[in-house]
Amino acid sequence: MVTLQDRVELVRSESERLQSYLQTLPLDVWDRPSACGLWTVADVVGHLVWVADFYGDGIARGVNGDTSTPEGAPVPGSLDGPSLDDFISQRSIALRRQLGDQLLAAFEQRFHWFNDLLAGLGPENRVKPCYHLNRLREAQEFVVMSLQELTLHGWHIRSSVDPAAGLPNDCLPALTERIPTRRLPWSIPFQTRGASPIRYRFEMTGPGAGNQDIVVEAGKARVEPAGPDGANVTIRCDTGIFVLLMYGRLTLESARQDGRLEVQGEPALTSAFDRWLMGG
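(A) Region of interest: the packing of aromatic side chains. For the structure on display, the rule yields 13 aromatic pairs. Over the aromatic face of Tyr21 sits the side chain of Arg158, whose NZ or CZ is 5.1 Å from the ring centroid.

(B) Region of the structure containing the side chain of Ser160. Relative to the helices and strands, Ser160 resides in helix α5 (residues 141-161). Here the side chain of Ser160 touches Ile157 through a polar contact of 2.6 Å, landing on its backbone oxygen. Sequence-distant contacts of Ser160, defined by excluding residues within four places in its chain, comprise Arg32, Pro33, Ser34, Ala35 and Val41.

(C) Up close: the packing of helix α1 (residues 4-23) against α5. As a packed pair, α1 and α5 sit with axes 9 Å apart at the nearest point and diverge in direction by 25 degrees. Our classification of the angle between α1 and α5 gives roughly parallel. Two packed elements cross with a definite hand, and for α1 against α5 that hand is left-handed. The residues of α5 that touch α1, namely those facing Leu4, Arg7, Val8, Leu10, Val11, Glu14, Ser15, Arg17, Leu18, Tyr21 and Leu22, are Val143, Val144, Ser146, Leu147, Leu150, Thr151, Gly154, Ile157, Arg158 and Val161.

(D) Up close: the pairing of strand β3 (residues 198-205). Burial within β3 is extensive, with 6 of its 8 residues counted as buried. Two strands pair when backbone bridges link them, and β3 and strand β4 (residues 212-217) are joined in this way by 5 bridges, in the antiparallel orientation. Counted as the bridge partner of Ile198 is Val216 from β4. Counted between consecutive antiparallel strands, the loop separating β3 from β4 contains 6 residues, among which Gly206 sits at a positive phi close to 100 degrees. Here β3 pairs with strand β6 (residues 233-238) via 6 bridges, running parallel. Considered in β6, the bridge of Phe202 is made with Ile235.

(E) Looking closely at the pattern of salt bridges. This model, assessed by the stated rule, comprises 19 salt bridges. Ionic pairing is found between Arg17 and Glu14, a salt bridge with its closest N-O pair at 2.6 Å. Of this pair, Arg17 and Glu14 are both found in helix α1, 3 residues apart, which corresponds to roughly one turn of the helix. Exposure remark for Glu14: the relative accessible area of 0% places this residue in the buried category. Of the charged contacts, one joins Asp213 and Arg199 as a salt bridge, the two residues approaching to 2.8 Å between their closest N and O atoms. Here Asp213, found in strand β4, pairs with Arg199, found in strand β3; they are 14 residues apart in sequence, far enough to count as distant. For the pair shown, Asp213 and Arg199 are each scored as buried. Linked through salt bridges whose partners overlap, the residues forming this network are Arg199, Arg201, Asp213, Glu217, Arg222, Glu224 and Asp229.

Cut-offs applied
Residues numbered from 1 in each chain as written. Predicted model: local features only at pLDDT ≥ 70, side-chain atom pairs only at ≥ 80, totals over all residues. Heavy atoms only, no water. Phe/Tyr/Trp six-rings, centres within 6.5 Å; stacked < 30°, edge-to-face > 60°. Lys NZ or Arg CZ within 6 Å of the ring centre and 35° of its normal. Helix = DSSP H or I, 4+ residues; strand = E, 2+ residues; numbered from the N terminus. Polar contact = N/O pair within 3.5 Å; in protein donor to acceptor, adjacent residues only side chain to side chain. Contact = heavy atoms within 4.5 Å. Axes fitted to C-alpha atoms, helices over the stretch in contact; angles between N-to-C directions. Parallel < 35°, antiparallel > 145°, perpendicular 65-115°, else oblique. Left-handed = near helix turned anticlockwise from the far one by under 90°. Buried < 20%, exposed > 50% of the residue type's maximum accessible area, 1.4 Å probe, protein only. Pairing = 2+ DSSP bridges. Salt bridge = Lys/Arg side-chain N within 4 Å of Asp/Glu carboxyl O.

Written out as structure tokens, the structure is:
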């Protein structure tokens, strides 16, 4: 079990690790397409600076009893998926353009402030509600969300330079623990043919490893520890690949082609899993 203090320390160490990595990047890499949609590497860094600002503002106000919607921001839960993505993208790119050649310095400054803010969250403030785009969230929820942002967007940057780049090992247990509580992909109907339940078994190696089953029943999927029942599809990979799959960064087929995992089972069920990961 990863404690809240563990996660706070991981956010600090991952932000510092990413900052050190960014300092080594040649200038031409900053304009290179990242692995994050249409964003460049600089756009991804701008997004992370925006995350530190936006999350930090919500926490700082929330612990003082202010859960109001910031000026220019949407009422919590009022935007659907595409509209929400557009809002975040526009704000992130606007900030990146505003910062110009001070982008890396801003990353360092904002996360230094943000890390100190998280470290100062006492027990009496951790459960206080704070503004967030989807809904009011407890202050402590922003810790693992921040770790997710840093880790996965750091991978978007690194993998644009090194396609074989993986996720930091020390962050994997915390990200794995969060998988069952995320909205995606669990809110997406799982379309399969034939009888259910269908069991996808992940046999993992590496930090935080353990066998996990994704069970599909009546069009819905859930994750649970692997049980004694046989699996329809067995996937063998390391924990980092499992996390990238479950956070929508890879598909079974792409990872299989790259030699990052092995799949045994019916090809049609593998294809159904990939369609689910990509939104149905």
